[in-house]
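In case you want the letters, here they are:
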Amino acid sequence: MAKQKTNWRWVDWLYVFTIVSQLIYIGYYLEQMLTNPKDNGTLSFAVLQVVAGLVIATLPIIIERFMPYRFPEILYAVYLIFVYCSILLGDGITFL
């Protein structure tokens, strides 16, 4: 049986952007924690929040895999934008 090709929605690219941004943040600040150990308390909590953001951003994909339901694209996009802005920009980089 031939393998079925999956079509990517535009929000899947938004998901990839969100995940890659968070992974870059985690990598950079883990390196900062290793080179500058006096700030580990605040940096480790920020990195932990961004790791939680990775899990939260992946929840709709997990739900779609195990349930016969597809989220509407606009709802999924708003959700990912909210996760990106609130967790990565808000808690991680401390934008005001």
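Scroll up for the structure.
As the structure is a prediction and not an experimental result, all values here were calculated from the model.

Thresholds applied
- Residues numbered from 1 in each chain as written.
- Predicted model: local features only at pLDDT ≥ 70, side-chain atom pairs only at ≥ 80, totals over all residues.
- Heavy atoms only, no water.
- Helix = DSSP H or I, 4+ residues; strand = E, 2+ residues; numbered from the N terminus.
- Buried < 20%, exposed > 50% of the residue type's maximum accessible area, 1.4 Å probe, protein only.
- Contact = heavy atoms within 4.5 Å.
- Expected span 1.5 Å × (residues − 1).
- Bend = angle between axes of the 7 residues up to and from the residue.
- Phe/Tyr/Trp six-rings, centres within 6.5 Å; stacked < 30°, edge-to-face > 60°.

**With respect to the side chain of Glu64**
- If you trace the backbone, Glu64 turns up in helix α2 (residues 40-66).
- Judged by its relative accessible area of 15%, Glu64 is buried.
- Contacts of Glu64, omitting those with residues within four sequence positions, involve Arg9, Tyr69, Arg70 and Phe71.

**As for α2**
- For α2, which comprises 27 residues, the first-to-last C-alpha distance of 38 Å matches the rise-based estimate of 39 Å (1.5 Å per residue) to within 8%.
- Roughly 35° is the biggest bend found in α2, and it falls at Leu59, with proline Pro60 one to four residues downstream.
- Within the span of α2, buried status applies to Leu43, Ala46, Val47, Val50, Gly53, Leu54, Ala57, Pro60 and Glu64.
- On its buried side, α2 packs onto α1 (10-35) and α3 (73-92).

**Some points on the packing of aromatic side chains**
- All told, the structure shown has five aromatic pairs when counted by the stated rule.
- Residues Tyr25 and Tyr29 carry aromatic rings whose centres are separated by 4.5 Å and whose planes lie at 45° to one another, so their mutual orientation is tilted. Placement of the pair is Tyr25 and Tyr29 together in helix α1, with a separation of four residues, close to one helical turn.
- Look at Tyr28 and Tyr29: their rings are 4.9 Å apart centre to centre, the planes differ by 85°, and that puts the pair in the edge-to-face class.
- The class of Tyr28 is partly exposed, set by a relative accessible area of 45%.
- On the basis of relative accessible area, Tyr29 is assigned to the partly exposed category, the value being 23%.
- Among the aromatic residues, ring-to-ring pairing joins Tyr25, Tyr28 and Tyr29 into one connected group.

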